[in-house]
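Residues per chain are reported as follows:
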Amino acid sequence: MQGTVDGFSYGLVTPVAAFLMACLGGALGLRCTTRSLRHDDTFKAGWLALGATSIGTGIWTMHFIAMMGFSVQQAPISYDRPITFASLGVAVVMVGIGIFIVGYRGATALTLVTGGTITGLGVATMHYLGMAGMRLHGQIQYDTLTVALSVVIAVVAATASLWAAVSVHGFLASLGASLVMGLAVSGMHYTAMAAVDVELHGTKAPPGTGDSATSLLLPMLVGPGVFLLLAAVVVMFDPLLVMGEPDWQKPSARGGYRHGAPGVPAPRRAPAYGEPANWSSARPAARTGRRAVQRDAYRSQDW
């Protein structure tokens, strides 16, 4: 018997909440990646790891918040906890591989495509592994073409996100990029869910053997939510992430640095008319030559 699938049991509540979580994770991840790329210091690996964990956690939380609105009218749904949280690990690891490739190999076309492909495949793997943890009295079937489309969307979205991390400047621009990223990830999720059909086994469903959607709500919101909150605190307390580089560190339109910068030498004055081009070294040399002549004349006197 064919099951009646409803992906919006709570209306727009779950899609909007899922979108916001994807945007939050994407915003934190993009800012951390930008921090590591533009300020190469001893904390580079830490910033990349924090960015990967933020993006992976945001995507995973988005997925399961959206799944709260998924239901099959004729059968209750439960979840296998180990598989469910294994999908979180897959998301973080695969996103981390893509981000570290770009972080340490540079933002070339090859690294962006390679990192974006790995990250996108990781997002798709997280989604379908999470779906594999779903337990219900029936069999989940997928439309092959729609599944392939969802994977393509995931890869394109991941590649665009990595490009934004190395190309977008400023806090507001990164915020806009995170909104686009959240929209792309949410689009990938609901495209993948459009490929789902449920074939029920008989007319009577046995009692569930895993955790229900309600019992998974608490760890989904508390655990990853607390992490994303802490990551946001770290980002907000780093002025280089929020405000960008100080003005005196930004290159000017002429290709140099602004005057008065600590540790930046003052520009040399242009030589006056008739003055030697290398006036800074010519004057000491002239003074040295004049003193040598006076000293030789003094010594040559017959006392």
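Residues numbered from 1 in each chain as written. Predicted model: local features only at pLDDT ≥ 70, side-chain atom pairs only at ≥ 80, totals over all residues. Heavy atoms only, no water.

Draft legend 1. The overall build of the protein, seen in detail. Broken down by element type, the protein carries 9 helices and 7 strands. Counting over 303 residues, the protein shows a buried share of 39%. Intrachain contacts of the protein at a sequence separation of at least 6 include 83% that bridge at least 24 residues. Here the protein displays about 16,400 Å² of accessible surface, and carbon together with sulfur accounts for 67% of that area. (Helix = DSSP H or I, 4+ residues; strand = E, 2+ residues; numbered from the N terminus. Buried < 20%, exposed > 50% of the residue type's maximum accessible area, 1.4 Å probe, protein only. Contact = heavy atoms within 4.5 Å. Areas by Shrake-Rupley, 256 points an atom, 1.4 Å probe, with all protein chains shown as cover.)

Draft legend 2. A look at the nonpolar core. The biggest cluster of nonpolar side chains holds 47 residues, and the ones touching the most others in it are Ile59, Met67, Phe70, Val72, Ile77, Ile99 and Met134. Contributions of two or more residues to this core are made by α1 (13-38), α2 (44-67), α3 (81-105), α4 (109-132), α5 (144-167), α6 (171-193), β6 (196-200) and α7 (213-236). Counting residues per element, this core draws most heavily on α2, at 12 residues. When neighbours within four sequence positions are excluded, Phe70 is seen to be in contact with Val5, Asp6, Gly7, Ser9, Ile77, Met134, Met193 and Val196. (Core = buried A, V, L, I, M, F, W, Y, C linked by side-chain atoms within 4.5 Å.)

Draft legend 3. The arrangement of the packing of α5 against α6 in detail. Running from amino to carboxyl end, α5 crosses α6 at an angle of 165°, the nearest separation of the two axes being 8 Å. One element, α5, and the other, α6, form an angle in the roughly antiparallel class. Between α5 and α6 lies a crossing whose hand is left-handed. Between α5 and α6, the residues in contact are Thr146, Leu149, Ser150, Ile153, Ala154, Ala157, Ser161 and Ala164 and Ala177, Met181, Ala184, Met188, Thr191 and Ala192, respectively. A per-class count over the contact of α5 with α6 returns 10 nonpolar, 4 polar and no charged. (Axes fitted to C-alpha atoms, helices over the stretch in contact; angles between N-to-C directions. Parallel < 35°, antiparallel > 145°, perpendicular 65-115°, else oblique. Left-handed = near helix turned anticlockwise from the far one by under 90°. Nonpolar A, V, L, I, M, F, W, Y, C, P; charged D, E, K, R; others polar.)

Draft legend 4. Local environment of a nonpolar patch on the surface. Side chains of Leu12, Val16 and Leu20 sit close together on the surface and give an oily, nonpolar patch of about 310 Å² of accessible area. Along the chain, the position of Leu20 falls in helix α1. (Patch = residues over 30% accessible without salt bridge, like charges linked within 9 Å, V, L, I, M, F, W, Y side chains within 5 Å. Salt bridge = Lys/Arg side-chain N within 4 Å of Asp/Glu carboxyl O.)

Draft legend 5. Region of the structure containing the side chain of Thr191. Position of Thr191 among the secondary structure elements: in helix α6. Within polar-contact distance, the side chain of Thr191 engages the backbone oxygen of Gly187 at 2.6 Å. Discounting residues that sit within four places of it in the chain, Thr191 has contacts with Thr146, Leu149, Ser150 and Ile153. (Polar contact = N/O pair within 3.5 Å; in protein donor to acceptor, adjacent residues only side chain to side chain.)

Draft legend 6. Up close: α6. Helix length check: α6, at 23 residues, gives a terminal C-alpha distance of 33 Å against a target of 33 Å (1.5 Å per residue), a fit within 8%. All of the buried residues in α6 are Ser174, Ala177, Ser178, Met181, Gly182, Val185, Ser186, Met188, His189, Thr191, Ala192 and Met193. (Expected span 1.5 Å × (residues − 1).)

Draft legend 7. How the structure looks around the packing of α3 against α4. Between α3 and α4, whose axes approach to 8 Å, the crossing angle comes to 175°. Viewed along their axes, α3 and α4 adopt a mutual orientation that is roughly antiparallel. Considered class by class, the residues forming the contact of α3 with α4 number 15 nonpolar, 9 polar and 1 charged.

Draft legend 8. Inspection of the side chain of Ser87 at higher detail. Of note, Ser87 is situated in helix α3. From its side chain, Ser87 meets the backbone oxygen of Thr84 in a polar contact 2.4 Å long. Not counting residues within four places of it along the chain, the set of residues in contact with Ser87 comprises Trp60, Phe64, Met126, Leu129 and Gly130.

Draft legend 9. Just the packing of aromatic side chains, in detail. Enumeration over the complete set of coordinates arrives at 6 aromatic pairs. Ring plane angle 10° and centroid distance 5.3 Å describe the contact between Phe8 and Tyr190, whose orientation is recorded as stacked. Highlighted residues: Phe8 in the loop between β1 (5-6) and α1 and Tyr190 in helix α6, separated in sequence by 182 residues. Assessed through its relative accessible area of 44%, Phe8 is described here as partly exposed. Three or more aromatic residues joined by ring pairs form one cluster here, namely Trp60, Phe64, Tyr79 and Phe85. Positioned over the ring face of Tyr104 is Lys44, at 5.4 Å from the centre of the ring. (Phe/Tyr/Trp six-rings, centres within 6.5 Å; stacked < 30°, edge-to-face > 60°. Lys NZ or Arg CZ within 6 Å of the ring centre and 35° of its normal.)

Draft legend 10. Region of interest: the pairing of β6. Where burial is concerned, the two faces of β6 differ: the one with Val196, Val198 and Leu200 is buried and the one with Asp197 and Glu199 is not. Relative to β6, strand β5 (residues 138-142) runs antiparallel, the two sharing 5 bridges. For Gly138, the partnering residue across the bridge sits in β6 and is Leu200. (Pairing = 2+ DSSP bridges.)

Draft legend 11. The arrangement of the environment of Thr14 in detail. Secondary-structure assignment places Thr14 in helix α1. On the basis of relative accessible area, Thr14 is assigned to the buried category, the value being 5%. Through-space distance from the C-alpha of Thr14 to that of Ile65 is 6.0 Å; in sequence the pair is 51 residues apart. Setting aside its immediate chain neighbours within four residues, Thr14 contacts Ile65, Ala66, Met68, Gly69 and Tyr190.

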